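Residue-level listing of the chains:
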Amino acid sequence: LAVALGTLGLGAALALPKKPGVGEAGIRLTLPADVGNWHGEDAEVSQKERDVLGADVEFARKVYVNTFGDRIFVSIVLAGFDPTTGIHRPERCLPAQGWNITRSVRGALPLADGNKLDTTQLYCFSERQTDKGQRFQLKNFNYYWYVGSRNVTASALERTFIDVRDRVVYGQNQRWAYVTVAATVTEGLARFGRTEAETKKMIEEFIPRIVPEFQTAGLVGN
């Protein structure tokens, strides 16, 4: 049923004008240089990614490192005007990058202002090999959600229906942004590496601190 409804929604979106009225983006397309004791450095956006997502798609991307050497990847992809490009579910692109998704759950993270941010949380692993030929699993947590001009959702299906509704009823494009926050489990890979539970806790403490830095006030919450 979900597949059929998603196909119907996409079909409706394809039949709509490519450039309806565009709402103001619900994010600032900049990431802070520092978040507490985390320092961010710009991360590369590949030309292949730009080619696939479209010329009018915009990016903000950093890797944050703290004093303990932990790393958290943060990416914002702001879609262009074409509803068929710019926004892709990680469930589609991560397997293409060699990641196996073993768990997907929805979770609401409490924010400092008392609101909650709904996120989709993916647990992934990738088969890797050391220089000596030893195989191991690289584990990763990937949290994501979508931000429009008026709506925030962690569901790709819900975002599609909101987008179709807005285009049909209001003749407006919210110009959605897709936010990703991810970190690798470092237990066994680095001295004093973090376990799965510690990595998850680290991300869930980091997200409420960085969200107010780029996401428009009033959009976070259920």
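Now for a description of the structure that goes with this document. (Residues numbered from 1 in each chain as written. Predicted model: local features only at pLDDT ≥ 70, side-chain atom pairs only at ≥ 80, totals over all residues. Heavy atoms only, no water.)

1. With respect to the state of the cysteines
Phase 1 of the analysis: Going through the model one piece at a time under the given rule, you end up with 0 disulfides.
Phase 2 of the analysis: C124 takes part in no disulfide bond, and the closest cysteine sulfur to it belongs to C93, at a distance of 9.6 Å. (Disulfide = S-S within 2.5 Å.)

2. A word on the side chain of N66
Phase 1 of the analysis: By the secondary structure assignment, N66 is in the loop between β4 (58-65) and β5 (71-78).
Phase 2 of the analysis: On the accessibility criterion, N66 (9% relative accessible area) is buried.
Phase 3 of the analysis: A polar contact is formed between the side chain of N66 and the backbone nitrogen of D70, at a distance of 2.9 Å.
Phase 4 of the analysis: Setting aside residues no more than four positions away along its own chain, N66 makes contact with N37, W38 and R194. (Helix = DSSP H or I, 4+ residues; strand = E, 2+ residues; numbered from the N terminus. Buried < 20%, exposed > 50% of the residue type's maximum accessible area, 1.4 Å probe, protein only. Polar contact = N/O pair within 3.5 Å; in protein donor to acceptor, adjacent residues only side chain to side chain. Contact = heavy atoms within 4.5 Å.)

3. Description of the pattern of salt bridges
Phase 1 of the analysis: On inspection of all chains with the given rule, the structure shows 11 salt bridges.
Phase 2 of the analysis: Its salt-bridge partner being D118, residue R106 comes within 2.5 Å of it at the nearest N-O pair. Of this pair, R106 sits in strand β6 (residues 100-110) while D118 sits in strand β7 (residues 116-129), placing them 12 residues apart in sequence.
Phase 3 of the analysis: Linked through salt bridges whose partners overlap, the residues forming this network are R150, R165 and D166. (Salt bridge = Lys/Arg side-chain N within 4 Å of Asp/Glu carboxyl O.)

4. Re helix α5 (residues 196-214)
Phase 1 of the analysis: The terminal C-alpha atoms of α5 lie 27 Å apart, and with 19 residues this matches the ideal 27 Å at 1.5 Å per residue to within 8%.
Phase 2 of the analysis: Of all the bends in α5, the greatest reaches close to 30° and is centred on I207; the proline P208 follows between one and four positions later.
Phase 3 of the analysis: Three or more residues of α5 are buried, namely T199, M202, I203, F206, I207, P208, I210, V211 and F214. (Expected span 1.5 Å × (residues − 1). Bend = angle between axes of the 7 residues up to and from the residue.)

5. Some points on a nonpolar patch on the surface
Phase 1 of the analysis: Together, V168, V169 and Y170 make up a nonpolar patch on the protein surface, roughly 330 Å² of accessible area in all.
Phase 2 of the analysis: With respect to the element layout, Y170 can be found in helix α4 (residues 156-170). (Patch = residues over 30% accessible without salt bridge, like charges linked within 9 Å, V, L, I, M, F, W, Y side chains within 5 Å. Areas by Shrake-Rupley, 256 points an atom, 1.4 Å probe, with all protein chains shown as cover.)

6. Some thoughts on the environment of E58
Phase 1 of the analysis: Examined against the element boundaries, E58 turns out to sit in strand β4.
Phase 2 of the analysis: Through-space distance from the C-alpha of E58 to that of L78 is 5.1 Å; in sequence the pair is 20 residues apart.
Phase 3 of the analysis: If we skip the residues at most four places from it in the chain, E58 touches L29, I76, V77, L78 and R175.
Phase 4 of the analysis: A distance of 2.9 Å separates a polar atom in the side chain of E58 from a polar atom in the side chain of R175.

7. Topic: the packing of aromatic side chains
Where two aromatic rings form a pair, the distance of their centres and the angle of their planes describe that pair.
Phase 1 of the analysis: Across all of its chains, the model carries 6 aromatic pairs by this definition.
Phase 2 of the analysis: Between Y123 and F141, the aromatic rings sit 5.1 Å apart at their centres with planes inclined by 50°, giving tilted as the arrangement. Here Y123, found in strand β7, pairs with F141, found in strand β8 (residues 135-147); they are 18 residues apart in sequence, far enough to count as distant. Here Y123 and F141 have matching classes, each one buried.
Phase 3 of the analysis: With a centroid separation of 6.0 Å and 75° between ring planes, the pair formed by Y144 and Y178 is classed as edge-to-face. Here the residue Y144 occupies a position in strand β8, and Y178 occupies one in strand β11 (residues 177-184), the gap between them amounting to 34 residues.
Phase 4 of the analysis: Lying over the aromatic face of W99, R128 brings its terminal NZ or CZ to 5.3 Å of the ring centre.
Phase 5 of the analysis: It is R159 that lies over the ring of Y146; its NZ or CZ is 5.7 Å from the centre. (Phe/Tyr/Trp six-rings, centres within 6.5 Å; stacked < 30°, edge-to-face > 60°. Lys NZ or Arg CZ within 6 Å of the ring centre and 35° of its normal.)

8. Things to note about the nonpolar core
Phase 1 of the analysis: Counting 32 residues, the largest nonpolar core has W145, F206, I207 and F214 as the members making the most contacts within it.
Phase 2 of the analysis: Among the elements that line this core, the one with the most residues is α5, at 7 residues.
Phase 3 of the analysis: Non-local contacts of I207, meaning those with residues more than four positions away in its chain, are made with L109, L117, Y143, W145 and V181.
Phase 4 of the analysis: I87, Y144, I162 and Y178 belong to the second largest nonpolar core, which has 18 residues in total. (Core = buried A, V, L, I, M, F, W, Y, C linked by side-chain atoms within 4.5 Å.)

9. Quick look at unusual backbone geometry
Phase 1 of the analysis: Even without a glycine there, the phi angle at R175 is positive, about 50°.
Phase 2 of the analysis: Here the phi dihedral of F192 falls at roughly 60°; this positive angle occurs in a residue that is not glycine.
Phase 3 of the analysis: Residue placement: F192 occurs in the loop between β11 and α5.

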